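The primary structure of each chain is shown beneath.
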Amino acid sequence: MNNSTTAVAWALRPALPGDLETIADLRAEAMRPDLERLGRYDDHRVRQRLRDAWAPEHTSVIEVDGAFAGSVTLRPVERGRRLENFYIAPGVQGRGIGTAVLRSLLTRADEAGAEVRLIVVQGSAARPLYERHGFVEESQDPIDVHMVRRPVRNASAAVTG
């Protein structure tokens, strides 16, 4: 899956069992600043939570120029999809890849009439990205913000970046 409107060529491929530890490492790196700010960072725990919930059948690896650049899980749930483990490697951040990948996933969810839910850590820099794409807060606690995006009938109008 490639998005020609992005200056960087990216693709999604199905996750393989061998991708687990690479994704766990990226998760730890990505979540560390927010979890440390909240006094909740534990290197082993942040990796183990991914291992415990690993769903390779619903996970895609993001590649840029054929190399690992991130991951995203779009897991089917009772009333739609749950977006999880959406991480972009630091070396390719800021190049529109996260926006392009999210736009692509939300277009597919809209076509299926599926709402999408996610959890973002309090104060995360990712929250504005999700809000720009139509996610709204459902609830929050001291650590997490639970967000939802209802399906849009005219998908092209809703997933602007």
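Residues numbered from 1 in each chain as written. Predicted model: local features only at pLDDT ≥ 70, side-chain atom pairs only at ≥ 80, totals over all residues. Heavy atoms only, no water.

As for the overall build of the protein chain
Going by this rule: Numbered from the N terminus, helices here are DSSP runs of H or I no shorter than four residues, and strands are runs of E no shorter than two. Between the two quantities, the radius of gyration covers C-alpha atoms and the globule rule is 2.2 Å times the number of residues to the power 0.38. Only protein chains enter the accessibility calculation, which uses a 1.4 Å probe; a residue whose area is less than 20% of its type maximum is buried, one above 50% is exposed, and one in between is partly exposed. Two residues form a contact once any of their heavy atoms are found within 4.5 Å. For every accessible area listed, the method is Shrake-Rupley and the probe measures 1.4 Å; residues are considered covered only by the protein chains on display.
Counting secondary structure elements, the protein chain contains five helices and seven strands. Secondary structure elements of the protein chain, listed N to C terminal, follow the sequence β-α-α-β-β-β-α-β-α-β-β-α. At 15 Å, the protein chain has a C-alpha radius of gyration in line with the 15 Å of a compact globule built from 161 residues. Considered along the principal axes of its C-alpha atoms, the protein chain spans approximately 40 × 40 × 30 Å. Going through the 161 residues of the protein chain one by one, you find that 46% of them count as buried. Considering only contacts in the protein chain between residues 6 or more positions apart, those separated by 24 or more positions represent 57%. Surface exposure of the protein chain reaches about 8,300 Å², of which carbon and sulfur atoms provide 49%.

Structural notes on the packing of aromatic side chains
Operational definition: Aromatic contacts are taken between Phe, Tyr and Trp rings whose centres are within 6.5 Å, Trp giving its six-membered ring; a plane angle under 30 degrees counts as stacked, one over 60 as edge-to-face, and the others as tilted.
Across all of its chains, the model carries one aromatic pair by this definition. Between Tyr 130 and Phe 135, the ring centres sit 5.7 Å apart and the planes meet at 70°, which makes this aromatic pair edge-to-face. Comparing Tyr 130 with Phe 135, the two get one shared label, buried.

Description of the sheet that holds strand β5 (residues 115–121)
Short version of the rule: Strand pairing is defined by DSSP finding a minimum of two bridges between the two strands. Throughout, an axis means a line fitted to C-alpha atoms (over the contacting stretch in the case of helices), and angles, computed between N-to-C directions, take values from 0 to 180 degrees.
With respect to topology, seven strands assemble into an open sheet ordered β1-β2-β3-β4-β5-β7-β6, the strand pairing being mixed. Because the sheet does not close on itself, it has two edges, and the strands there are β1 (10–14) and β6 (136–140). Averaged over all neighbouring strand pairs, the angle between strand axes comes to 30°, with direction disregarded. Sheet strands in contact with helix α1 (residues 20–37) are β2 (59–64), β3 (67–77), β4 (80–88) and β5, and its direction is about 85° off that of β4. Packed on one face of the sheet, helix α3 (residues 97–111) meets β1, β2, β3, β4, β5 and β7 (144–149) and runs near 170° to β4.

A closer look at the packing of α1 against helix α2 (residues 43–53)
What counts, and what does not: Roughly parallel means an angle under 35 degrees; roughly antiparallel, over 145; roughly perpendicular, 65 to 115; everything else is oblique. It is the rotation of the near helix from the far one that decides the hand of a crossing: anticlockwise by less than a right angle makes it left-handed, clockwise makes it right-handed. For this classification, the nonpolar set comprises Ala, Val, Leu, Ile, Met, Phe, Trp, Tyr, Cys and Pro, the charged set comprises Asp, Glu, Lys and Arg, and every other residue, Gly included, is treated as polar.
Taken N-terminus to C-terminus, the directions of α1 and α2 make an angle of 130°; their axes are 9 Å apart at the nearest point. Classified by the angle their axes make, α1 and α2 are oblique. α2 is crossed by α1, and the crossing has right-handed handedness. Between α1, through Leu 20, Glu 21, Ile 23, Ala 24, Asp 25, Arg 27, Ala 28, Met 31, Arg 32 and Leu 35, and α2, the contact on the second element is made entirely by Asp 43, Val 46, Arg 47, Arg 49, Leu 50 and Arg 51. Taken together, the residues of the contact of α1 with α2 break down into eight nonpolar, no polar and eight charged.

Observations concerning unusual backbone geometry
The phi dihedral of Asp 65 is positive, around 55°, even though this residue is not glycine. Summarising the element assignment, Asp 65 is placed in the loop between β2 and β3.

Thoughts on the pattern of salt bridges
The line we're drawing: We define a salt bridge as a contact between a side-chain nitrogen of Lys or Arg and a carboxyl oxygen of Asp or Glu at a distance within 4 Å.
Applying the stated criterion to the full structure yields 15 salt bridges. Taking the shortest distance from any N to any O, the salt bridge between Arg 32 and Glu 36 comes out at 2.7 Å. One end of the pair is Arg 32 and the other is Glu 36, both in helix α1 and four residues apart, which spans about a single turn. Here Arg 32 falls in the partly exposed class, since its relative accessible area comes to 38%. On the basis of relative accessible area, Glu 36 is assigned to the partly exposed category, the value being 43%. Ionic pairing is found between Arg 150 and Glu 115, a salt bridge with its closest N-O pair at 3.1 Å. With a gap of 35 residues between them, Arg 150 in the loop between β7 and α5 (155–158) and Glu 115 in strand β5 connect regions that are remote in the sequence. Its relative accessible area of 10% is what places Glu 115 among the buried residues.

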